[in-house]
Amino acid sequence: MSGPRPVVLSGPSGAGKSTLLKRLMKEYEGVFGFSVSHTTRNPRPGEEDGKDYHFVTREKMQEAIDNNELIENAEFSGNMYGTSKSSIEDVQAQNLICILDVDIQGVRNIKETDLNPIYISIQPPSMEILEQRLRDRKTETEESLQKRLEAARIDMELSKEEGVFDLVIINDDLDEAYEKLKSVLIEEIQKVQDAKK
Ligand SMILES: Nc1nc2c(ncn2[C@@H]2O[C@H](COP(=O)(O)OP(=O)(O)O)[C@@H](O)[C@H]2O)c(=O)[nH]1
Ligand SMILES: Nc1ncnc2c1ncn2[C@@H]1O[C@H](COP(=O)(O)OP(=O)(O)O)[C@@H](O)[C@H]1O
């Protein structure tokens, strides 16, 4: 089926991916659909099973991997994450732009598939600001915060590599970052909106 091109958002934990994509999905209701990943991490307050993630045990995750249900999976900060084929198909069946939020390993693995998404990296202005935002978010223990910062250093290095991303957005001022994100997606957005007419 040739629907709209999916969009992969990647970048360090705390860079602002969820904030930006939630804003996008709110402004363009009925245009985007989120690919709900599987994860073994615990839900945060306010997160809903089946909406933010499918929260599963390691056993369940391994079962999904063994049954070939995932297009990619990775270990991040001590937890497993993965994208199921059905999470993407559910969105594409509705002719929506499928948004995936995956780490840099996910980006590499998705490049080996035939998904053909637009790859966008969201980056923080600096490590210091990233750390401050993660602390202010109050979702992490000191241990998981340190693991995320270590992963962020690696992500920031790898994302500089030529040709990995179609666009790198530095999320300094939120409104500016959001406008940049919108402008790169506006063609696909318009296609979906036209198809609805
Ligand atoms: N490879 C891969 N990474 C994922 C997937 N879902 C989420 N992630 C990444 O896992 C990392 C941690 O996500 P999360 O625990 O929600 O923390 P947060 O990014 O700090 O909000 C982020 O870099 C996500 O982009 C997935 O299905 N596959
Ligand atoms: N441009 C920005 N300026 C200040 N704070 C921001 C900005 N973008 C995001 N934040 C805040 O930083 C934290 C991390 O953002 P979040 O969207 O959860 O990141 P990610 O999904 O990439 O882990 C959140 O508390 C969010 O409100």
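Looking at an unreviewed UniProt entry, the chain carries the name Guanylate kinase, with the source organism given as Astyanax mexicanus. According to UniProt, the comment filed for the chain under the heading Sequence similarities (unreviewed entry) is "Belongs to the guanylate kinase family." As stated in UniProt under Subunit (unreviewed entry), the record for the chain gives "Monomer. Interacts with RD3."

**Notes on the overall build of the chain**
When its secondary structure is counted, the chain shows seven helices and nine strands. Taking 16 Å as the expected radius of gyration for a compact globule of 197 residues, we find that the chain reaches 16 Å, a close match to that expectation. The principal-axis extents of the C-alpha atoms in the chain amount to approximately 50 × 40 × 35 Å. By the burial criterion, 47% of the 197 residues in the chain qualify as buried. Excluding contacts between residues fewer than 6 apart, the proportion of contacts in the chain whose partners are at least 24 apart in sequence is 68%. When the accessible surface of the chain is totalled, it reaches about 10,700 Å², and 47% of it is carbon and sulfur.

**Thoughts on the packing of aromatic side chains**
With the rule as written, the count across this model stands at four aromatic pairs. Geometrically, the ring pair formed by Tyr-28 and Phe-32 is edge-to-face, given 6.4 Å between the ring centres and 70° between the ring planes. Of the two residues, Tyr-28 and Phe-32, both sit in the buried class. Ring geometry for Phe-76 versus Tyr-81: centroids 6.1 Å apart, planes at 80°, classification edge-to-face. In this structure Phe-76 comes out as buried when scored by relative accessible area, which is 16%. The ring centre of Tyr-178 lies 4.6 Å from the NZ or CZ of Arg-23, which sits over that ring.

**What to know about the sheet that holds strand β7 (residues 97-101)**
Spatially, β2-β7-β1-β8-β9 is the arrangement adopted by the five strands of the open sheet, whose pairing is parallel. Strand pairing shows two members of the sheet lacking a second neighbour, β2 (32-34) and β9 (167-170), which therefore form its edges. Averaged over all neighbouring strand pairs, the angle between strand axes comes to 25°, with direction disregarded. Relative to β9, strand β8 (residues 118-123) runs parallel, the two sharing four bridges. Bridged to Gln-123 within β9 is Ile-170. Of the strands in this sheet, β1 (7-10), β2, β7 and β8 are in contact with helix α1 (residues 17-27), which crosses β7 at around 165°. Relative to β7, helix α3 (residues 85-92) is tilted by about 150°, and along the sheet it contacts β2 and β7.

**A few points about the nonpolar core**
Membership of the largest hydrophobic core comes to 21 residues, with the highest contact counts inside it found for Leu-24, Phe-32, Ile-120, Leu-181 and Leu-185. Sorting elements by how many residues they give to this core places helix α7 (residues 174-196) first, with six residues. Leaving out residues up to four positions away in the same chain, Leu-181 has contacts with Leu-9, Leu-20, Leu-24, Ile-120 and Ile-169. In terms of nonpolar packing, the next biggest core, distinct from the first, is built from 14 residues, Leu-100, Val-107, Tyr-119 and Phe-165 among them.

**With respect to the pairing of strand β6 (residues 79-84)**
Within β6, five of the six residues are buried, leaving the element largely enclosed by the surrounding structure. Where strand β5 (residues 70-76) meets β6, six bridges bridge the pair, whose relative direction is antiparallel. Bridge pairing links Leu-70 to Ser-84 in β6. Between β5 and β6, which follow one another and run antiparallel, lie two residues, and Ser-77 among them has a positive phi close to 50°.

Analysis parameters
Residues numbered from 1 in each chain as written. Chains lettered and ligands numbered in written order. Predicted model: local features only at pLDDT ≥ 70, side-chain atom pairs only at ≥ 80, totals over all residues. Heavy atoms only, no water. UniProt positions renumbered as here; feature names shortened; annotations may be inferred. Helix = DSSP H or I, 4+ residues; strand = E, 2+ residues; numbered from the N terminus. Rg over C-alpha atoms; globule rule 2.2 N^0.38 Å. Buried < 20%, exposed > 50% of the residue type's maximum accessible area, 1.4 Å probe, protein only. Contact = heavy atoms within 4.5 Å. Areas by Shrake-Rupley, 256 points an atom, 1.4 Å probe, with all protein chains shown as cover. Phe/Tyr/Trp six-rings, centres within 6.5 Å; stacked < 30°, edge-to-face > 60°. Lys NZ or Arg CZ within 6 Å of the ring centre and 35° of its normal. Pairing = 2+ DSSP bridges. Axes fitted to C-alpha atoms, helices over the stretch in contact; angles between N-to-C directions. Core = buried A, V, L, I, M, F, W, Y, C linked by side-chain atoms within 4.5 Å.

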